[in-house]
Amino acid sequence: MTTTITIPTTPLATTTYVSRSHSVAARELAGEMMIMSATDSTLFSLNETATLIWNAADGKTSLREIVENKICPEFDIDPETAYRDAESLVSNLASLGILQLSSEPALSKNESQ
Amino acid sequence: MSLITDLNRKALERGVPLSIHLDVTYRCNERCEHCYLEHDGDGEMSTAEIKSTLDQLAAAGVFFLTISGGEPLIRPDIFEIIEYARSLRFNVKLKTNAILIREREARRLRELNVEQVQISVYSHRAQVHDGISKVPGSLARTIRGIRLLKAHGLKVTIANVLMKGNLDDAEGVRQLAKEIGAHYTLDPTITPMMNGDSSLLALRITSDSLRTVFTDSTLVGNVEEFCAPPTAIDEDTLEGYPCSAGHTAAYVSPWGDVYPCVQFPLTCGNVLEQNFSDIWKNSSQFNEVRAIRGKHLTTCNSCSHLGSCTRCPGLAWMEGNMRGPSTADCEKSFIRTNIPTANMLQRGYTDAQAFAVSHDTLPQPQLRGATRTLVQIQPAR
């Protein structure tokens, strides 16, 4: 089964930390991150922006820092617009089990199996 | 275009080895009568060597990793290996006989997010299954393992290798899979041993039996479609690749030898001596395999079945020519459609029935090699 990522959901908490879900498989191919869920074998393809967020989602860096340091320098976009778009995106990815969201930074290695 | 098709296309265009089959051991706790492996012999990589291999595979872009054997769970470090593979974010599929899977193992495989487990079941009757595996009680232990895996939420595929000894039990295994909630695949392919011993071919089901399988809608779905005559050969078919072996897929043996496929044991290098990416990109063997297009296939390039045949380049290589026909697949194409292949006609099989009489008349493998899966049938669900 395959699917595509769609539409924004609800706004996030003021400070959000994102980490990669340990339940998925992932590999970058031609600038896009391929993600497969082990639970239902759904295959996702993240676009360039989502791939940047995925790669930076270490659980310790806030989404705002990711947007400011990774997204804005890469694309000519103002930080607030970029942040709103990123909020929508990570909410969506979290609902699909690809990312995990937290209002607190991870204290230790967050990708253990 | 579906994402998986797009993924394969991108990998092909960029020369990325998307899928790897890694056998971590040839040792096994069963002695299945149709097995193509010798269970002793050329050694195994250490835990550290396998981890290093996995690092190399991840760096090369491998996404789908099948861990198999032998029986992989016979290695005491198997969970360390799988855990390491998952930490590198491979999509991991495990092939096992499930004999060693108990509560702890099933739970651990689920925790590690193994995507799928494939398990061979030869019959729903212990007498038949255990007779093939040569291990009394193996069916009961295998089914116990499958149920535990299912209880922990893992996806299980029951692979039913079909041979003369279990020919009547395919429906029983299919019903068993349905009852357990496992996927079911049927594979009527028996191949020579790696040491070239072709005596196993005597276990193959007869052509008449294969015809019965190919016309069973519960196994093949739409029979008319499955058995449809081949379409005309077009330019795309002539310029196309025979299969993914060496293009987006490869095999790594327990001692690090790299082949295009487990079914195509042409040694292209060894990961203990040379980086995998270097082997993948630069070995003369891989480059030779990759250079082959449909139009380069001797005999097959003039065969009406070229676009729809399951021709295995590994089996063709074992018959002596990687550009030549794979006779077992010629037979399958003929049995599906009742239309003789170019190989059959060239060999003088102008009468269709004459081809179907005996495997003894077919060429025997001349080179060291092994195969397992040529035609896997996914029944209609």
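Everything here concerns the structure above.
Here we summarise the structure given alongside this text. Note that this is a predicted model, so its numbers are computed, not measured.

## Some words on the overall build of chain A
Argument step 1. The helix and strand inventory of chain A stands at three helices and six strands.
Argument step 2. Listed by position from the N terminus, the elements making up chain A come as β-β-β-β-α-β-α-α-β.
Argument step 3. Taking all 113 residues of chain A together, 33% fall into the buried category.
Argument step 4. Considering only contacts in chain A between residues 6 or more positions apart, those separated by 24 or more positions represent 60%.

## Quick notes on the sheet that holds strand β2 (residues 64-68) of chain B
Residue and element names in this part refer to chain B.
Argument step 1. In spatial order, the strands read β6-β5-β4-β3-β2-β1-β7-β8-β9; together these nine strands make up an open sheet with mixed pairing. The sheet is open, and its two borders are formed by β6 (183-187) and β9 (269-270), each paired with just one other strand.
Argument step 2. Here strand β3 (residues 91-96) runs beside strand β4 (residues 116-120); their pairing, made up of four bridges, is parallel. Within β4, the position partnered with Lys 93 by the bridge is Gln 116.

## Focus on the nonpolar core
Argument step 1. The biggest cluster of nonpolar side chains holds 110 residues, and the ones touching the most others in it are A:Ile35, A:Ile53, A:Ala86, B:Leu65, B:Leu149, B:Ile158 and B:Tyr259.
Argument step 2. Considering each element in turn, this core owes the most residues, six residues, to helix α3 (residues 79-95) of chain A.
Argument step 3. Beyond its immediate stretch of four places on either side in the chain, A:Ile53 contacts A:Val18, A:Ile66, A:Ala86, A:Leu89 and A:Val90.
Argument step 4. In terms of nonpolar packing, the next biggest core, distinct from the first, is built from five residues, B:Leu297, B:Cys300, B:Leu306 and B:Cys309 among them.

## Side note on the interface of chain A and chain B
Argument step 1. Of the residues lining the interface, 15 residues belong to chain A; the matching set on chain B comes to 21 residues.
Argument step 2. Of all the elements in the fold, those that place two or more residues in the side of chain A that touches chain B are β2 (24-29), β3 (32-37) and β4 (43-46) of chain A.
Argument step 3. For the side of chain A that touches chain B, the leading source of residues is β2(A), giving four residues.
Argument step 4. Per-class residue counts for the side of chain A that touches chain B are eight nonpolar, six polar and one charged.

Cut-off values and rules
- Residues numbered from 1 in each chain as written.
- Chains lettered and ligands numbered in written order.
- Predicted model: local features only at pLDDT ≥ 70, side-chain atom pairs only at ≥ 80, totals over all residues.
- Helix = DSSP H or I, 4+ residues; strand = E, 2+ residues; numbered from the N terminus.
- Buried ≥ 20, exposed ≤ 12 C-beta atoms within 10 Å, placed from the backbone.
- Contact = placed C-beta atoms within 7 Å.
- Pairing = 2+ DSSP bridges.
- Core = buried A, V, L, I, M, F, W, Y, C linked by C-beta atoms within 7 Å.
- Nonpolar A, V, L, I, M, F, W, Y, C, P; charged D, E, K, R; others polar.

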